[in-house]
Amino acid sequence: MSAFHADTGFELGMAVIVPESDMTIESDELLRWYAQARRDLPWRKPEVTPWQILVSEFMLQQTPVSRVEPIWLAWIERWPTPSATAAAGSAEVLRAWGKLGYPRRAKRLHECAVVISSHHDDVVPADVETLLTLPGIGAYTARAVACFAYSARVPVVDTNVRRVVARAVHGRADSPASVRDLDDVAALLPDDATAPVFSAALMELGATVCTARNPRCGICPLSVCRWRTAGFPAGTEVKRVQKYAGTDRQVRGKLMDVLRASSSPVTRAQLDVAWLTDTAQRDRALDSLLVDGLVEQTTDGRFALAGEGEIP
DNA sequence: AAGGCGTGGTG
DNA sequence: TCACCAAGCCT
């Protein structure tokens, strides 16, 4: 057992009998920890609707909880349902999104609202298959909505879950994205109705204890962690984080900032001052915003947030 | 399938 | 300081 291979569970071609507790994450200890350590996030309150949970999931795609909270609170008060969101128009939605980042998410959220209000009787679909057909909803968000809004027993795999499972179950510092993730987590899921809380707890553990940098192993509730057992081996080289300063993304952000601030269409000159250093780059950024459908040009040649001219 | 897509907090 | 990172999705 001392030379046991952490990855495969096999040694020299001989099957090693692994205690069940080594291959799983103890649901009891995880749930007990979650019950006392869970953050009191507003979208976790019982009266929150599936649509409002969906909104939180859109906002949380690559944006930290602390920045999402205030925007989400104001958002659901203003637009509590898909139909209310759809009726608001995409320009107002893009404006309310503010500086959460990746405004394509806001556009897709509005598109979701339109589809759900017009084709699904204003009710968020409950099954993963249908959710996956909606704009901006991918593998994670579809399962998160099915699980957290409808208590479906489906694996929910985000970056936190991936990391926790990679460490506790596989003994690796992190996990390269892989299709095995879904099967891995499905195998860990409790058989009973606690599956959704189990998933929430797994995510919470990754977000607050088993973090990417400086994991707080001293307060981890898991009694079995193969990463710890293996002596915390380092992960493989991570791919470089994308640059931001000076990129087209930053220029797009500047242009969107100008558009958001104006309730009426702006002139080309007003956009030009948002990025003086490289006019070619500025043109490219504006063009890409038009291609993405985030910005529209009015008949008189000015620019506005997409949908600004529409009748609400 | 690798890379584009915002923004701001943090160690 | 500045690289890293934060409940991904899409092409």
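Residues numbered from 1 in each chain as written. Chains lettered and ligands numbered in written order. Predicted model: local features only at pLDDT ≥ 70, side-chain atom pairs only at ≥ 80, totals over all residues. Heavy atoms only, no water.

- As annotated in an unreviewed UniProt entry, chain A carries the name Adenine DNA glycosylase and is attributed to Mycolicibacterium mageritense.
- Of chain A, the UniProt comment under Catalytic activity (unreviewed entry) reads exactly: "Hydrolyzes free adenine bases from 7,8-dihydro-8-oxoguanine:adenine mismatched double-stranded DNA, leaving an apurinic site." (UniProt positions renumbered as here; feature names shortened; annotations may be inferred.)

### Here we look at the protein's contact with DNA strand C
Then, in step 1: Near DNA strand C you find 29 residues, and of these Trp43, Gly136, Thr141, Asp158 and Asn160 are the closest.
Then, in step 2: Backbone atoms, meaning sugar and phosphate, form 65% of the atoms of DNA strand C found within 4 Å of the protein.
Then, in step 3: Between DNA strand C and the protein, one listed contact pairs a phosphate oxygen with a side-chain N or O atom of Thr141 at 2.6 Å.
Then, in step 4: When residues of the surface near DNA strand C are traced back to their parent elements, those giving at least two are α2 (50–60), α8 (139–150), α9 (159–168) and α11 (195–208).
Then, in step 5: Across the surface near DNA strand C, the residue classes break down as 13 nonpolar, 7 polar and 9 charged. (Near = heavy atom within 4 Å. Polar contact = N/O pair within 3.5 Å; in protein donor to acceptor, adjacent residues only side chain to side chain. Helix = DSSP H or I, 4+ residues; strand = E, 2+ residues; numbered from the N terminus. Nonpolar A, V, L, I, M, F, W, Y, C, P; charged D, E, K, R; others polar.)

### Regarding the protein's contact with DNA strand B
Then, in step 1: The immediate surroundings of DNA strand B are formed by 19 residues, with Thr63, Arg67, Pro103, Tyr244 and Arg252 found nearest.
Then, in step 2: The contact atoms of DNA strand B, taken as those within 4 Å of the protein, divide so that sugar and phosphate hold 57%.
Then, in step 3: Tyr102 is positioned with one of its backbone polar atoms (N or O) 2.8 Å from a sugar or linking oxygen of DNA strand B.
Then, in step 4: A distance of 3.0 Å separates a base nitrogen of DNA strand B from a polar atom in the side chain of Arg249.
Then, in step 5: No other element matches the 5 residues that helix α13 (residues 248–261) contributes to the surface near DNA strand B.

### Considering helix α10 (residues 180–188)
Then, in step 1: Here α10 has its buried residues at Asp181, Asp184, Val185 and Leu188. Projected onto a plane normal to the axis of α10, the buried residues spread over an arc of 90° and lie on a single side.
Then, in step 2: On the buried face of α10, the contacting elements are α9 and α11. (Buried < 20%, exposed > 50% of the residue type's maximum accessible area, 1.4 Å probe, protein only. Arc of directions from axis to C-beta. Contact = heavy atoms within 4.5 Å.)

### Topic: the environment of Leu222
Then, in step 1: Its location among the elements puts Leu222 in the loop between α11 and α12 (226–229).
Then, in step 2: Given a relative accessible area of 7%, Leu222 falls into the buried group.
Then, in step 3: The spacing of Leu222 and Glu29 is 193 residues in sequence and 6.6 Å in space, taken between C-alpha atoms.
Then, in step 4: Among residues more than four places away in sequence, those in contact with Leu222 are Ile25, Glu29, Leu30, Ala168, Leu205 and Arg228.

### Overview of the nonpolar core
Then, in step 1: Counting residues in hydrophobic clusters, the biggest one holds 80 residues, and the most contacted among them are Ile25, Leu30, Trp51 and Leu54.
Then, in step 2: Per-element accounting of this core gives the leading share, 7 residues, to α11.
Then, in step 3: The contact partners of Leu54, leaving out residues within four places of it in the chain, are Leu109, Ile116, Val124, Ile137 and Val145. (Core = buried A, V, L, I, M, F, W, Y, C linked by side-chain atoms within 4.5 Å.)

### Some remarks on the packing of α13 against helix α15 (residues 279–291)
Each pair of packed helices gets described by two things: the angle between the helix axes and the distance between those axes.
Then, in step 1: Close contact between α13 and α15 brings their axes to 9 Å; oriented N to C, the two are set at 70°. What the angle tells us is that α13 and α15 run roughly perpendicular. Where α13 crosses over α15, the handedness of that crossing is right-handed. Taken together, the residues of α15 that come into contact with α13 (itself represented by Asp248, Val251, Arg252, Leu255 and Met256) are Gln281, Arg282, Arg284, Ala285, Leu286, Ser288 and Leu289.
Then, in step 2: Residues of the contact of α13 with α15, tallied by class, amount to 6 nonpolar, 2 polar and 4 charged. (Axes fitted to C-alpha atoms, helices over the stretch in contact; angles between N-to-C directions. Parallel < 35°, antiparallel > 145°, perpendicular 65-115°, else oblique. Left-handed = near helix turned anticlockwise from the far one by under 90°.)

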